[in-house]
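# Breakdown of the fold
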Amino acid sequence: MKNFNDIRILLKDDLEKTDLLLANRLSSNVALINQMSSYIIGAGGKRLRPLLVLLCARATDYQGEHHRLMAVVIELIHTATLLHDDIVDESATRRGQDTANEVWGNAASVLVGDFLYSRSFEMMVEPGSMRIMQILSKATNSIAEGEVLQLLNCQNSELTEDQYYQVIERKTAVLFQAATQIGGILSEVDDIQEQALKKYGLHLGNAFQIIDDVLDYESDFESMGKEVGDDLSEGKTTLPMIFALANTTGADNQLLKNAINDADNSKITQVIKILQSVDAFGYTREQAKKSAKLAKDALVDIPSSAYKDALILLCSLSLQRKS
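Described in the following lines is the structure provided in the data block. Each chain has its residues counted from 1, running along the sequence as written. Per-residue local features of the predicted model are confined to residues with pLDDT of at least 70, and side-chain atom pairs are confined, for both listing and counting, to 80 or more; whole-chain, interface and lining totals are unaffected and use all residues. The side-chain quantities take in all heavy atoms of the structure and omit both hydrogens and water.

## With respect to the packing of helix H7 (residues 106–124) against helix H8 (residues 130–152)
Under the convention used in this document: Fitting a line to C-alpha atoms yields each axis, with helices limited to the stretch in contact; the angle taken between N-to-C directions then spans 0 to 180 degrees. Only DSSP runs of H or I covering at least 4 residues are called helices, and only runs of E covering at least 2 are called strands; the numbering of each starts at the N terminus. Angle categories are assigned with fixed cut-offs, so that under 35 degrees is roughly parallel, over 145 is roughly antiparallel, 65 to 115 is roughly perpendicular, and the rest are oblique. Each helix crossing is assigned a hand: it is left-handed if the near helix lies turned anticlockwise from the far helix by less than a right angle, otherwise right-handed if that turn is clockwise. Residue contacts follow a heavy-atom distance rule, with two residues in contact if any of their heavy atoms lie within 4.5 Å.
Running from N to C, H7 and H8 point in directions that differ by 165°, and their axes come no closer than 10 Å. In terms of axis orientation, H7 runs roughly antiparallel to H8. Along this stretch, H7 crosses H8, giving a crossing that reads as left-handed. Across from Tyr117, Phe121 and Met124 in H7, the residues of H8 making contact are Met133, Leu136, Ser137 and Thr140.

Shown next as structure tokens:
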């Protein structure tokens, strides 16, 4: 197993059935909901979070059907957060196509986001597991807290690394953590293995988001499906910028502060040159590498299998991705 496609081949049957279930559960007798849901889900993406549910369930020898259901729940929660994210950030594009708020407006996007959330909660009761419901309700609450924290920290050039990690753990890593932990709960693993999967998800989620924050500066529209420097234009202080602010002085430091405090990416070329000059991207990738290693190390108590190999492979693929 060498790449993401190999992982998808390993889970071919599960993924096909999960996609059918997703389409079925998105169905509504309200035409606009069907139209918008199809548009959003059809935009693609790696579907990494539902993939993690399936992998962790299979890695712990789950033999039932609920792993696909919970994979859909995780995907619906994630998609709802993206809808609301795009409204808050006033984003016009995602994955190379117009955002739902750009096509249908903010009001429809908020309401369809609410539909996706409520449909996911409707579905999560079906396995009859109070533990799963507790984990997912807590995760969705943490995501909301992360979004509010990020909003409060916009245009704040004084943001610390600790504060940055508080945001990304709530905003991104908690849903990875919920996905991996639920896979183990479905298999009724012991506490040691459940905690192993939980830690794996948290650290993988951190690594994923840290790399995402590098790519916002290093990638391009063709790869990312959004403009370079979008985070800067939204006033978001991410790890490359935090490191650069701590390692520059004089005019360079002031330019970076102004760019963040004014949410201004008009000097993005100069900003990127300054970040490169202090190796901000190298430092940030090193932090992602540390998180990925913590994720890989957490799997020591999970029995060997092709599914475990896939989980390990995801640690390195999260560091190598270009989009």
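## Some words on helix H16 (residues 280–298)
Defined as follows: For a helix, the expected span equals 1.5 Å multiplied by the residue count minus one. Accessible area is worked out with a 1.4 Å probe on protein chains only. A residue is then buried under 20% of its type maximum, exposed over 50%, and partly exposed in between. Regarding the arc, it is the one traced by the directions from the helix axis to the C-beta atoms.
Compared with the 27 Å implied by 1.5 Å per residue over 19 residues, the 28 Å span of H16 between its first and last C-alpha is a close match. Regarding H16, the residues found buried are Ala280, Phe281, Thr284, Gln287, Ala288, Ser291, Ala292, Ala295 and Ala298. Taken down its axis, H16 places every buried residue within 140° of arc, on the same side. Against helix H9 (161–186), helix H10 (191–218), helix H13 (239–246), helix H15 (268–277) and helix H17 (306–320) lie the buried residues of H16.

## Brief notes about the packing of aromatic side chains
For clarity, the cut-off: Two aromatic rings from Phe, Tyr or Trp, using only the six-membered ring of Trp, form a pair when their centres are within 6.5 Å; if the ring planes differ by under 30 degrees the pair is stacked, by over 60 it is edge-to-face, and anything between is tilted. Only Lys NZ and Arg CZ are tested; either one counts as a charge over a ring when it is within 6 Å of the ring centre and within 35 degrees of the ring normal.
Under the defined criterion, the tally for this structure stands at five aromatic pairs. Taken together, a centroid distance of 5.1 Å and an interplanar angle of 85° make the contact between Tyr39 and Trp104 edge-to-face. One end of the pair, Tyr39, is in helix H3 (residues 31–41); the other, Trp104, is in helix H6 (residues 100–104), with 65 residues separating them in the sequence. Seen from their ring centres, Phe243 and Tyr283 are 4.2 Å apart, and the 15° between their planes marks the pair as stacked. Here Phe243 is found in helix H13, whereas its partner Tyr283 is found in helix H16, with 40 residues between them in sequence. Judged by relative accessible area, which is 16%, Phe243 ranks as buried. The residue whose ring lies beneath Arg321 is Phe208, and the NZ or CZ to ring-centre distance is 3.7 Å.

## Quick notes on the nonpolar core
The condition that has to hold: The criterion is simple. A nonpolar core is a set of buried Ala, Val, Leu, Ile, Met, Phe, Trp, Tyr and Cys residues joined through side-chain atoms within 4.5 Å.
With 68 residues, the main nonpolar core has Leu52, Met70, Leu136, Tyr200 and Leu314 as its most contacted residues. It is helix H5 (residues 66–89) that contributes the most residues to this core, ten residues altogether. Residues Phe243, Ile274, Leu275 and Val278 belong to the second largest nonpolar core, which totals 19 residues.

## Quick notes on the packing of H8 against H9
Stated formally: Three classes are used: nonpolar for Ala, Val, Leu, Ile, Met, Phe, Trp, Tyr, Cys and Pro, charged for Asp, Glu, Lys and Arg, and polar for all others, with Gly counted as polar.
Orientation of H8 relative to H9, taken along the N-to-C sense of each, is 170°, at an axis distance of 7 Å. On the basis of their axis angle, the class for H8 and H9 is roughly antiparallel. Pair H8 / H9 crosses with left-handed handedness. Between H8 and H9, the contacting residues are Arg131, Ile132, Ile135, Leu136, Ala139, Ser142, Ile143, Glu145, Gly146, Glu147, Leu149 and Gln150 on the first element and Gln166, Val167, Arg170, Lys171, Val174, Leu175, Ala178, Gln181, Ile182, Ile185 and Leu186 on the second. Here the contact of H8 with H9 is composed, by residue class, of 13 nonpolar, five polar and five charged.

## Looking at the pattern of salt bridges
The test is simple: By salt bridge we mean one thing: a side-chain nitrogen of Lys or Arg within 4 Å of a carboxyl oxygen of Asp or Glu.
In the structure shown here, the tally under the stated rule is 18 salt bridges. In this structure, the salt-bridge partner of Lys12 is Glu16, at a minimum N-O distance of 2.7 Å. Highlighted residues: Lys12 and Glu16, both in helix H2 (residues 12–25), separated by four residues, approximately one helical turn. Look at Lys12 and you get partly exposed, because its relative accessible area is 48%. In this structure, Arg119 and Glu122 form a salt bridge, with 2.7 Å as the shortest nitrogen-oxygen distance. Taken as a pair, Arg119 and Glu122 lie in helix H7 at a separation of three residues, close to a single helical turn. On the accessibility criterion, Glu122 (48% relative accessible area) is partly exposed. If you follow the salt bridges from partner to partner, you end up with Asp13, Asp14, Lys17, Arg58, Glu65 and Arg68 in one network.

## Focus: unusual backbone geometry
One non-glycine residue, Asp61, lies in the positive phi region at around 65°. Turning to its location among the elements, Asp61 is positioned in the loop between helix H4 (48–59) and H5. You can call Asp61 exposed: its relative accessible area is 58%. A positive phi angle is found at Asp279, which is not glycine, with a value near 60°. Looking at the secondary structure, you find Asp279 in the loop between H15 and H16.

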